[in-house]
Amino acid sequence: MAIRLDVACRDAINAHGRETYPNECCGAMYGADGHVTAVIALANTTEEGPRRRFRVSDRDYMAVEKKAREMGAALLGFYHSHPDHPARPSQYDLDHALPNMSYVIVSVTAGAPGDLRSWVLRDDRSQFDEEPVEE
């Protein structure tokens, strides 16, 4: 399966990565049937250093679920940036991922967004598989 990002959503993800560099950004993705039609930036609440990690708090997760219901949309997943690292999931990403979600990662090098890729967690939680990104 593939994830489809509206151009405005891709642009918003890239802009968020550029604005928060050298820290990681994160946000929620909304839509239906794998088609992302809206993204909302979230606060990075990690206590491990926002340069290398992102964390969505339990309160923020509940808020994004509520927002999805209000929008009449589904929470399709989350996006985040990897400053000066490839757009590939880390072990930390694997350890904190939720099933049935897409995880879009944008690589931001020297403040410039680059490679943008999407990943889904395997059912056995052993690793991510890449999913195609369409516009």
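Whatever comes next refers back to the structure up there.
The rules we used
Residues numbered from 1 in each chain as written. Predicted model: local features only at pLDDT ≥ 70, side-chain atom pairs only at ≥ 80, totals over all residues. Heavy atoms only, no water. Helix = DSSP H or I, 4+ residues; strand = E, 2+ residues; numbered from the N terminus. Rg over C-alpha atoms; globule rule 2.2 N^0.38 Å. Buried < 20%, exposed > 50% of the residue type's maximum accessible area, 1.4 Å probe, protein only. Contact = heavy atoms within 4.5 Å. Areas by Shrake-Rupley, 256 points an atom, 1.4 Å probe, with all protein chains shown as cover. Pairing = 2+ DSSP bridges. Axes fitted to C-alpha atoms, helices over the stretch in contact; angles between N-to-C directions. 1 Å grid on protein atoms, 1.4 Å probe; cavity = no way out; pocket = protein on both sides within 12 Å on 5 of 7 lines; lining within 4 Å. Points joined across faces, edges and corners; volume = space filled by probe spheres on them. Nonpolar A, V, L, I, M, F, W, Y, C, P; charged D, E, K, R; others polar. Core = buried A, V, L, I, M, F, W, Y, C linked by side-chain atoms within 4.5 Å. Phe/Tyr/Trp six-rings, centres within 6.5 Å; stacked < 30°, edge-to-face > 60°. Disulfide = S-S within 2.5 Å.

**Things to note about the overall build of the protein**
And step 1. Looking only at helices and strands, one finds three helices and eight strands in the protein.
And step 2. Beginning at the N terminus, the succession of helices and strands in the protein can be written as β-α-β-β-α-β-α-β-β-β-β.
And step 3. At 13 Å, the protein has a C-alpha radius of gyration in line with the 14 Å of a compact globule built from 135 residues.
And step 4. Along the first, second and third principal axes, the C-alpha set of the protein runs to 35 × 30 × 25 Å.
And step 5. Classification of the 135 residues of the protein by burial places 44% in the buried group.
And step 6. The contacts of the protein with a sequence gap of at least 6 include a subset with a gap of at least 24, amounting to 62%.
And step 7. As displayed, the protein offers around 7100 Å² of accessible surface, 49% of which is attributable to carbon and sulfur atoms.

**What about the sheet that holds strand β5 (residues 102-109)?**
And step 1. A sheet is described by the order of its strands in space; here eight strands give the open sequence β7-β6-β5-β4-β2-β3-β1-β8, paired in mixed fashion. Only two strands of the sheet have a single partner each, and these edge strands are β7 (128-131) and β8 (133-134).
And step 2. Two elements, strand β2 (residues 26-32) and strand β4 (residues 74-83), share six bridges in a ladder whose sense is antiparallel. If you follow Cys-26 over to β4, its bridge partner there is His-80.
And step 3. Sitting on the sheet, helix α1 (residues 7-20) is in contact with β1 (3-5), β2, β3 (35-42), β4, β5, β6 (112-121) and β8, with an inclination near 20° to β3.

**Observations regarding the layout of surface pockets**
Where empty space is left can be seen by rolling a probe of water-molecule size over the atoms.
And step 1. Looking at the largest pocket, its volume works out to about 320 Å³.
And step 2. If you trace the largest pocket, you find 15 residues lining it, with Phe-54, Arg-55, Val-56, His-96 and Leu-98 closest to the centre.
And step 3. If you list the elements that add at least two residues to the lining of the largest pocket, you get α2 (58-71) and α3 (91-96).
And step 4. Its residues assigned to classes, the lining of the largest pocket shows ten nonpolar, two polar and three charged.

**Side note on the nonpolar core**
Generally speaking, nonpolar side chains in soluble globular proteins are found buried as a group.
And step 1. Ala-28, Tyr-30, Leu-42, Val-64, Leu-75, Phe-78 and Phe-128 are the most contacted members of the largest nonpolar core, which totals 20 residues.
And step 2. For this core, the elements supplying multiple residues, two or more each, are β2, β3, α2, β4, β5 and β6.
And step 3. With three residues, the single largest contributor to this core is β2.
And step 4. Judged by nonpolar contacts, the second largest core, of 13 residues, contains Cys-9, Cys-25, Leu-76 and Val-108.

**Description of the packing of aromatic side chains**
And step 1. In the structure shown here, the tally under the stated rule is three aromatic pairs.
And step 2. Relative to Phe-78, the ring of Tyr-61 lies with its centre 6.2 Å away and its plane at 40°, an arrangement referred to as tilted. Of this pair, Tyr-61 sits in helix α2 while Phe-78 sits in strand β4; the two residues are 17 residues apart in sequence, bridging distant segments of the chain.
And step 3. Given the relative accessible area of 4%, Phe-78 is considered buried.
And step 4. Residues Tyr-103 and Phe-128 carry aromatic rings whose centres are separated by 5.8 Å and whose planes lie at 75° to one another, so their mutual orientation is edge-to-face. You can see Tyr-103 sitting in strand β5 and its partner Phe-128 sitting in strand β7, a full 25 residues away along the chain.

**What about the state of the cysteines?**
And step 1. Within the structure shown, the criterion is met by zero disulfides.
And step 2. Not engaged in a disulfide, the cysteine Cys-9 finds its nearest cysteine sulfur in Cys-25; these two sulfurs lie 14 Å apart.
And step 3. No disulfide involves Cys-25; its nearest neighbouring cysteine sulfur is the one of Cys-26, lying 6.9 Å away.
And step 4. Since its relative accessible area comes to 1%, Cys-25 is described here as buried.

Such coordinate-based values are descriptive only and should not be taken to indicate function.
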